[in-house]
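A closer look at the structure
One letter stands for each residue in the lines below.
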Amino acid sequence: MNNTIYSINGPVVTVKDTRDFSMMEMVYVGDEHLVGEVIGVNDDRTTIQVYEETSGLRPGEPVTGTGAPISVTLGPGILSNIYDGIERPLKDIAAQSGAFIARGSDVPALDQNRRFDVTVCVKPGDILSGGAVYAACQETPVILHKCMVPPNLSGTVTESSPSGSYTVNDPIIKLKTADGTEHTLTLCQKWPIRTARPAKLRKPISLPLITGQRVIDTLFPIAKGGAAAVPGGFGTGKTMTQHQLAKWCDADIIVYVGCGERGNEMTQVLDEFSELVDPKTGSKLTDRTVLIANTSNMPVAAREASIYTGITLAEYYRDMGYHVAIMADSTSRWAEALREISGRLEEMPAEEGFPAYLPSRLSQFYERAGYMVNLNGTEGSVSIIGAVSPQGADFSEPVTQNTKRFVRTFWALDKSLAYARHYPAINWTDSYSEYLDDLADYYNKEVSKEFLPCRRRIANLLAEEASLMEIVKLIGADVLPDDQKLVIETAKAIRLGFLQQNAFHKDDTYVPLSKQLKMMQVILYLNDQCAAIIKNGVALSEILDLHLFELLAGMKYEVPNDHPEAFDVIYEKIDAALKPFIGKEVRA
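The structure contained in this document is the topic of the report that follows. Quick caveat: nothing in here was measured; it's all calculated off a predicted structure. (Residues numbered from 1 in each chain as written. Predicted model: local features only at pLDDT ≥ 70, side-chain atom pairs only at ≥ 80, totals over all residues. Heavy atoms only, no water.)

Now for the overall build of the protein chain. If you tally the helices and strands in the protein chain, you get 16 helices and 26 strands. A compact globule built from 588 residues should have a C-alpha radius of gyration of about 25 Å, and the protein chain, at 28 Å, falls within 12% of that. The dimensions of the protein chain, computed from C-alpha atoms along their principal axes, are 95 × 55 × 40 Å. The buried share of the protein chain, taken over its 588 residues, is 55%. Put simply, of all contacts in the protein chain between residues at least 6 apart along the chain, 69% involve residues at least 24 apart. On the protein chain, roughly 24400 Å² of surface is accessible, and the fraction owed to carbon and sulfur atoms is 51%. Considering the protein chain, the positive charge centre built from 57 side chains and the negative charge centre built from 75 side chains are found 2 Å apart. (Helix = DSSP H or I, 4+ residues; strand = E, 2+ residues; numbered from the N terminus. Rg over C-alpha atoms; globule rule 2.2 N^0.38 Å. Buried < 20%, exposed > 50% of the residue type's maximum accessible area, 1.4 Å probe, protein only. Contact = heavy atoms within 4.5 Å. Areas by Shrake-Rupley, 256 points an atom, 1.4 Å probe, with all protein chains shown as cover. Lys, Arg positive; Asp, Glu negative; His and termini not counted. Charge placed at Lys NZ, Arg CZ, Asp CG, Glu CD.)

This paragraph deals with the packing of helix 11 (residues 451-475) against helix 12 (residues 482-499). Interaxial distance between helix 11 and helix 12 falls to 9 Å at its minimum, and their mutual angle equals 120 degrees. Accordingly, the angle class assigned to the pair helix 11 and helix 12 is oblique. You can see that helix 11 and helix 12 cross each other, and the crossing is left-handed. Packed against helix 11, whose contacting residues are I458, L461, L462, E464, E465, L468, M469 and V472, the element helix 12 presents Q484, V487, I488, T490, A491, K492, I494, R495 and L499 at the interface. Classifying every residue of the contact of helix 11 with helix 12 gives 11 nonpolar, 2 polar and 4 charged. (Axes fitted to C-alpha atoms, helices over the stretch in contact; angles between N-to-C directions. Parallel < 35°, antiparallel > 145°, perpendicular 65-115°, else oblique. Left-handed = near helix turned anticlockwise from the far one by under 90°. Nonpolar A, V, L, I, M, F, W, Y, C, P; charged D, E, K, R; others polar.)

Below, the discussion takes up the sheet that holds strand 13 (residues 155-160). Ordered in space as 10-13-15-16, the 4 strands form an open sheet in which the pairing is antiparallel. The strands lining the two open edges of the sheet, one partner per strand, are strand 10 (127-128) and strand 16 (182-185). Inspection of the sheet shows strand 10 paired to strand 13 by 2 bridges, in the antiparallel sense. Its bridge partner lying in strand 13, I127 is registered against T156. (Pairing = 2+ DSSP bridges.)

Right, let's get into the environment of A387. By the secondary structure assignment, A387 is in strand 24 (residues 379-388). Between the C-alpha atom of A387 and that of G554, which follows or precedes it by 167 residues, the distance is 31 Å. The residues touching A387, leaving out its near neighbours within four places in the chain, are V230, K238, Q242, A328, D329, S330, T331 and S332.

On inspection of all chains with the given rule, the structure shows 23 salt bridges. The salt bridge involving D250 is made with K224; its shortest N-O contact spans 3.2 Å. Placement of D250 in the loop between helix 3 (238-248) and strand 20 (253-259) and of K224 in the loop between helix 2 (214-219) and strand 19 (227-231) is noted, with a sequence separation of 26 residues between them. The structure contains a network of salt bridges with shared partners spanning E37, R194, E304 and R361. (Salt bridge = Lys/Arg side-chain N within 4 Å of Asp/Glu carboxyl O.)

This paragraph deals with the sheet that holds strand 9 (residues 116-120). Backbone-to-backbone hydrogen bonds join strands into a sheet, with any given pair of strands oriented parallel or antiparallel. Read from one edge of the open sheet, 4 strands run 12-11-9-14, paired in antiparallel fashion. Two strands close off the open sheet at either side, each with one partner strand: strand 12 (143-148) and strand 14 (164-166). Averaged over neighbouring strand pairs, the angle between their axes works out to 40 degrees when direction is ignored. Note: strand 9 against strand 14, 3 bridges, orientation antiparallel. From the neighbouring strand, V118 faces strand 14, where its bridge partner is G164. The sheet strands contacting helix 5 (residues 301-319) are strand 11 (133-140) and strand 12, and the helix crosses strand 12 at an angle near 90 degrees.

Here the focus is the side chain of T186. Assignment of secondary structure puts T186 in the loop between strand 16 and strand 17 (189-192). The exposure class assigned to T186 is buried, which follows from its relative accessible area of 15%. A distance of 3.1 Å separates a polar atom in the side chain of T186 from the backbone oxygen of C188. Leaving out residues up to four positions away in the same chain, T186 has contacts with Y134, V168, N169, D170, P171 and I172. (Polar contact = N/O pair within 3.5 Å; in protein donor to acceptor, adjacent residues only side chain to side chain.)

Next up on the list: unusual backbone geometry. With an omega of 10 degrees, the peptide bond running from D329 to S330 counts as cis. Checked against the element boundaries, S330 lands in the loop between strand 22 (323-329) and helix 6 (331-344). The phi torsion at A393 lies on the positive side, around 55 degrees, for a residue other than glycine. You can see A393 is positioned in the loop between strand 24 and helix 8 (398-406).

Bringing the packing of aromatic side chains into the picture now. As enumerated under the stated definition, the model contains 10 aromatic pairs in all. Look at Y442 and Y443: their rings are 6.1 Å apart centre to centre, the planes differ by 75 degrees, and that puts the pair in the edge-to-face class. Every member of this aromatic cluster is reached through a ring pair, and the members are Y308, W334, F365 and Y366. The residue whose ring lies beneath K404 is F410, and the NZ or CZ to ring-centre distance is 4.7 Å. (Phe/Tyr/Trp six-rings, centres within 6.5 Å; stacked < 30°, edge-to-face > 60°. Lys NZ or Arg CZ within 6 Å of the ring centre and 35° of its normal.)

Taken together, the side chains of I471, L474, I475 and V479 present a nonpolar region at the surface, about 420 Å² in accessible area. By the element assignment, L474 lies in helix 11. (Patch = residues over 30% accessible without salt bridge, like charges linked within 9 Å, V, L, I, M, F, W, Y side chains within 5 Å.)

The end-to-end C-alpha distance of helix 4 (residues 263-275) is 19 Å, a good match for the 18 Å that 13 residues give at a rise of 1.5 Å each. Those residues of helix 4 that fall on the buried side of the exposure criterion are E265, M266, V269 and F273. All buried residues of helix 4 fall inside an arc of 100 degrees around its axis, so they share one side. In helix 4, those exposed residues whose orientation departs by more than 90 degrees from the buried face are N264 and E275. Looking at the packing, one finds that the buried side of helix 4 touches helix 3, strand 20, strand 21 (289-294) and strand 22. (Expected span 1.5 Å × (residues − 1). Arc of directions from axis to C-beta.)

Right, let's talk about the packing of helix 12 against helix 15 (residues 548-558) for a bit. Running from N to C, helix 12 and helix 15 point in directions that differ by 20 degrees, and their axes come no closer than 8 Å. Relative to helix 15, helix 12 is oriented roughly parallel. The crossing of helix 12 and helix 15 is right-handed. Judged by residue contacts, L486, E489, T490, A493, L496 and G497 of helix 12 engage F549, L552, A553 and K556 from helix 15. Classifying every residue of the contact of helix 12 with helix 15 gives 6 nonpolar, 2 polar and 2 charged.

Next comes the structure, spelled out in structure tokens:
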């Protein structure tokens, strides 16, 4: 049957009187072969969303099915690359058609000519199941790429190539399945983006994703295999927070999805990441990063695909045994794309015009995070950090509220903190993390048994300050007793000396957990000594004249990360300053 376009409504195209297409099938639309996906099928009409600009399309142009769902190519060469929302390499497209993507561009996702030094690790007669590794190559200086049997395939090796130099499409092994079918496996494979890659077992969460950002690691941690949301209004630093996490978190691989964000922000990502040196390996940060750039001027439907493309690439590297962190910036733009397409489909709108299936789509995405035992026995994780851009910084809007249902860490960015140049602008009263109990064993064993009690006291002091400030706003600070004034002073030291961080200072941009603990201990030590002195009748004003709290504010710069013994000097200064008030040594 000759299937042709019947109607065009922005990115939504319909084909009349056909039964040739199946739900979620990838199709080519028009004479220019624009990439599309079937999103609705009924007796008389098939609905397709097109992932490219549809201007110039006319009714009567052909629509061709592929018989397969929209998929990504997985193999060596993904890392260090920059893709659009449907895994087309932007560098190759730029070389072919200039700065803007030509419609119908059909450029292979992986470099077809690049050769890899491949070690083949199976021989004829070996029985392989889904996920088994049959070859490996050094994709970048820091990442060993493992070529795995597709999850839905198993059989006996009948032929295997010797180790040597191969392109991604060269045959490596032949696999004969139980029904006698022979499959040729190359270095790459295809996988549908809307289908989660299977794993053997989902493990309980027990390891933190260490970011080096004190407000996150100490107060609101995220676990490896966990999910976090970063909501914030315009200018609160969502993108910069994600940049900082991408640079410093201890994931093996970073997948950064710029979904509907401004082009200049993506340009900044590309420029920064290409120049940055990975502190862990000493090589370029891009050697363990893949970028998916789907900016706000690109076709709106592709935003939806970009999120799924990113998570599929992340799962693929997880299957190799790596810990992967995916930054989705921003899921609100993706939700807006859903709303636009839903409107064009004339579906019944729910709250604020978003489709009724928004929660289920968000859950499908965030539930693909997890700490897994893979099919090949290795362990890996996918951690999702999704930015949310609520209009007018209104956290009661549907995307933020529905996201909260599916994440266990919530980093609420505050406009007033950002405008006061307090970064990261994570509000300590509105944010939360539900991973603390899961990570308690790690903190106790790997850092110190003092870590969680100190963290609890710091959080309590900040909460107490918040309630006291309500009183201060009403009747002023003068009426407060000295012990409550001390709480406000200590909380101020926590805010300036601990929570605020300088991304441009070599010792403050990333802080290890051991130093974070020592910083907390110093703050609490000063608080406890001052509280004891005040109890004995000394006025707080006399203690403040010693400028000890200013000393705490500067310790993040003065104590290098690799010289924790420098904290002893701070203790000595505190003891020396307070000695006249107590008449004896404070600290043994």
